[in-house]
Amino acid sequence: MKKLEESRIIAMAPNASAISNAKKLCDKGAFLRLWRSADDTLYMGECKGSGKSNYTVSVDFIDEENPVARCTCPSRQFPCKHGLALLFEILKEEKFEECEIPEDILAKREKKEKSKAKKANEEKETKKKSPSKTSKAARTKKIKKQLEGLDLIKKISSQLLKVGLSAMGSISITEYRDIVKQLGDYYLPGPQVLFQRLLLEIQAYKEDQDKIHYQTALECLKKLRAIEKKGREFLNEQLEKNDPELTDNTLYEDLGGVWKLTQLNDLGLKKENARLVQLSFEVNYDEASKIFRDCGYWIDLESGEVSYTANYRPRSAMKYIKQENSNFSLLTVPVLTFYPGGVNKRIRWDAASFDKIESSCCKKIKKHAQNIEQAVKIAKNELKNILTNNEVALLLEFEKIMFVKEENMKRYILVDKNERMIELKHTKNKVFSEDFYELLPNECLENQVMFVKLFYEGRNIYAEAQSIVTNDKIIRFGF
């Protein structure tokens, strides 16, 4: 019988309702018959449908790390609720009759293998060939067009600085929105989104005169100026090489470049057999780009590096892109790929195996924690780069959480064994009950490790709590 973790099934689901509906099918005994192949690579079931005929459901484990669910129902979800329900039947170790693998499944396997071999051969041949003169010329033309776009950004940002952001209330939003659209013609989607974010803050300031919008707008403008200067240097260096090529410079992505997995691997940004545990998960929406981002923060058990996965879902394509979910398993990743970055790099992988998180994993995680002085030093060094987001995710060891009452508010202070302190605070985007800490068991509030995001507010650095790691479990404050 195939061994499965519930967290793995949840990770495969297109959404939470599909999981709920799948469990309901199992509870009401929707499967009339269950089969499995002698080699445990295929599981099948006959499931009651909403129409006259029943559905034939299967899950193919020939590629164990990437099982394929199929169903004869008309659903466009993948996997559908019937496929997920079959996985739950396997999880419950229900009795499956032994059967032969159907011819159509064998044909699909063969077709998939041929397609995989063809793709591998094409990639191999592509690597052998040197870039054509046409591709070099196209890349050079694109860089020159980007430089023209940076000239436009310099002109606009200089105008805004000349007017002064203190006069934001009188700025014509319509005029600048037209300019933002123009940036799309210069292959600069990164600065285009940043400019759109600036306009949103200016619009918000016009409406309520809140200083927070003024400060955020100022930060956007600073980033635009920085990306214009640094981006120009980077692109000119590429042109001077007379053979523009990809490098691991983060400016490639800041300007709006999109990395392919093969490109990152070719640059050597990869690690084999990485063991990862997710420390937190969140879903955010960016109004400027109109994109949802499903973000998971992971720790490498051996190196202690904290990285993140990002699944981008444009609002216009919500029904086509599956939302990712929290993961509560220990993952072993054959090939882990990194994006260029700083302390917290973005990571990706094609396949992974799932295991239960044992107490030994939690103890390993705790050993990678920093004291408050070390963590603040790392954060300050990272955040001095204006193009980084205002957050650094790290593990902090602490001796206690101190509660301080001040008139009508409470402050929560993290204190380490060296008596160094940092205040726990939450950003405006988070909905969080400040009394949450007081509801935690006492053993979680002393001599443990907290996963936090360090960020600047004014001139001070604060810590936003994400989860607590004890000797045998991870307690998350969100998803």
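Parameters and conventions
Residues numbered from 1 in each chain as written. Predicted model: local features only at pLDDT ≥ 70, side-chain atom pairs only at ≥ 80, totals over all residues. Heavy atoms only, no water. Helix = DSSP H or I, 4+ residues; strand = E, 2+ residues; numbered from the N terminus. Buried < 20%, exposed > 50% of the residue type's maximum accessible area, 1.4 Å probe, protein only. Contact = heavy atoms within 4.5 Å. Areas by Shrake-Rupley, 256 points an atom, 1.4 Å probe, with all protein chains shown as cover. UniProt positions renumbered as here; feature names shortened; annotations may be inferred. Axes fitted to C-alpha atoms, helices over the stretch in contact; angles between N-to-C directions. Parallel < 35°, antiparallel > 145°, perpendicular 65-115°, else oblique. Left-handed = near helix turned anticlockwise from the far one by under 90°. Nonpolar A, V, L, I, M, F, W, Y, C, P; charged D, E, K, R; others polar. Core = buried A, V, L, I, M, F, W, Y, C linked by side-chain atoms within 4.5 Å. Domains from an automatic or database assignment. Salt bridge = Lys/Arg side-chain N within 4 Å of Asp/Glu carboxyl O. Phe/Tyr/Trp six-rings, centres within 6.5 Å; stacked < 30°, edge-to-face > 60°. Lys NZ or Arg CZ within 6 Å of the ring centre and 35° of its normal. Pairing = 2+ DSSP bridges.

**Here we look at the overall build of the protein chain**
Summing up its helical and strand segments, the protein chain has 13 helices and 17 strands in all. Principal-axis analysis of the C-alpha atoms gives the protein chain an extent of 75 × 65 × 45 Å. When each of the 479 residues of the protein chain is scored for burial, the buried share is 43%. Residue pairs in contact within the protein chain that sit at least 24 positions apart in sequence constitute 62% of those at least 6 positions apart. A total accessible area of about 26500 Å² is found for the protein chain, and carbon and sulfur atoms account for 48% of it.

**Comments concerning the UniProt feature "domain: SWIM-type" (unreviewed entry) in the protein chain**
In the numbering used here, UniProt assigns the "domain: SWIM-type" (unreviewed entry) feature to residues 55–91. Segment residues 55–91 splits into 30% helix and 27% strand. End C-alpha atoms: 20 Å apart.

**Considering the packing of helix α6 (residues 173–183) against helix α7 (residues 189–208)**
At a minimum axis distance of 9 Å, the contact between α6 and α7 shows a crossing angle of 170°. Judged by the angle between their axes, α6 and α7 are roughly antiparallel. As α6 runs across α7, the sense of the crossing is left-handed. Of α7, the residues touching α6 (which contributes Ile173, Tyr176, Arg177, Val180, Lys181 and Leu183) are Pro191, Gln192, Phe195, Gln196, Leu199, Ile202, Gln203 and Lys206. Of the residues that constitute the contact of α6 with α7, the class distribution is 8 nonpolar, 3 polar and 3 charged.

**Some details on the nonpolar core**
Residues Phe195, Leu198 and Leu276 are the most contacted members of the largest nonpolar core, which totals 44 residues. Breaking this core down by element, the ones donating at least two residues are α5 (133–163), α6, α7, α8 (211–240), α9 (251–254), β6 (270–286) and β9 (330–338). Mapped onto the domain boundaries, this core takes at least three residues apiece from domain 2 (133–253) and domain 3 (261–357). Once you skip the residues sitting within four places of it in the chain, Phe195 turns out to touch Ile156, Leu160, Tyr176, Val180, Leu183 and Leu224. If you look at the next biggest cluster of nonpolar residues, it comprises 28 residues, including Ile9, Cys26, Cys80 and Ile90.

**Concerning the pattern of salt bridges**
The full count for this structure, using the stated rule, is 24 salt bridges. Of the charged contacts in the structure, one is a salt bridge between Glu148 and Lys145, with a shortest N-O distance of 3.8 Å. Remark: Lys145 and Glu148 occur in helix α5; sequence separation between them is 3 residues, near one turn of the helix. Using a relative accessible area of 41% as the deciding quantity, one classes Glu148 as partly exposed. As a salt-bridge pair, Glu282 and Lys453 come within 2.7 Å of each other at their nearest N and O atoms. Here Glu282 is found in strand β6, whereas its partner Lys453 is found in strand β15 (residues 446–457), with 171 residues between them in sequence. The burial state of Glu282 is the same as that of Lys453; both residues are buried. Several salt bridges share partner residues, and in doing so they unite Asp60, Arg70 and Arg109 into one network.

**Some thoughts on the domain arrangement of the protein chain**
As assigned here, the protein chain comprises domain 1 (6–121), domain 2 (133–253), domain 3 (261–357) and domain 4 (366–476). Just the C-alpha atoms count here: the centres of domain 1 and domain 2 sit 48 Å apart.

**What about the packing of aromatic side chains?**
Under the definition given, this model contains 10 aromatic pairs. Ring geometry for Tyr205 versus Tyr214: centroids 6.3 Å apart, planes at 50°, classification tilted. Grouped by ring-pair contacts, the aromatic residues Tyr43, Phe61 and Phe96 constitute a single cluster. A cation over an aromatic ring shows up here: Lys425 above the ring of Tyr462, its NZ or CZ 4.4 Å from the ring centre.

**Brief notes about the sheet that holds strand β3 (residues 55–60)**
Strand order in this open sheet of 5 strands is β4-β3-β2-β1-β5, and the pairing throughout is mixed. The open sheet has two edge strands with one neighbour each: β4 (68–71) and β5 (97–99). Along the sheet, successive strands turn relative to each other by an average axial angle of 25°, direction set aside. Pairing analysis gives 4 bridges linking β3 to β4, with the strands arranged antiparallel.

**Topic: the pairing of strand β2 (residues 42–47)**
Burial of β2 is extensive: 5 of the 6 residues sit out of reach of the surface. Pairing of strand β1 (residues 31–37) with β2 involves 5 bridges; the strand directions are antiparallel. The partner of Arg36 across the bridge, within β2, is Tyr43. The antiparallel hairpin formed by β1 and β2 contains 4 residues in its connecting segment, where Asp40 sits at a positive phi of about 65°. As judged from the 6 bridges shared by β2 and β3, these two strands associate in the antiparallel manner.

**Topic: the packing of α7 against α8**
At a closest axis distance of 9 Å, the pairing of α7 and α8 adopts a crossing angle of 155°. Here α7 is positioned roughly antiparallel relative to α8, judged by the angle of their axes. Here α7 runs over α8; the crossing is left-handed. Across the interface between the two elements, Pro191, Leu194, Phe195, Arg197, Leu198, Glu201, Ala204, Tyr205 and Asp208 of α7 pack against His213, Tyr214, Thr216, Ala217, Cys220, Leu221, Lys223, Leu224 and Ile227 of α8. Broken down by class, the residue content of the contact of α7 with α8 amounts to 12 nonpolar, 2 polar and 4 charged.

**Looking at the side chain of Ser329**
Among the structural elements, Ser329 can be located in the loop between β8 (306–314) and β9. Classification of Ser329 by relative accessible area gives buried; the value is 1%. In this structure, Ser329 is in contact with Glu5, Ser7, Leu276, Val277, Phe354, Asp355 and Ile357, ignoring residues within four places of it in sequence.

**With respect to the UniProt feature "coiled-coil region" (unreviewed entry) in the protein chain**
Under the UniProt annotation, the feature "coiled-coil region" (unreviewed entry) is placed at residues 362–389. Helix makes up 64% of residues 362–389 and strand 0%, and the two end C-alpha atoms of the span are 28 Å apart.

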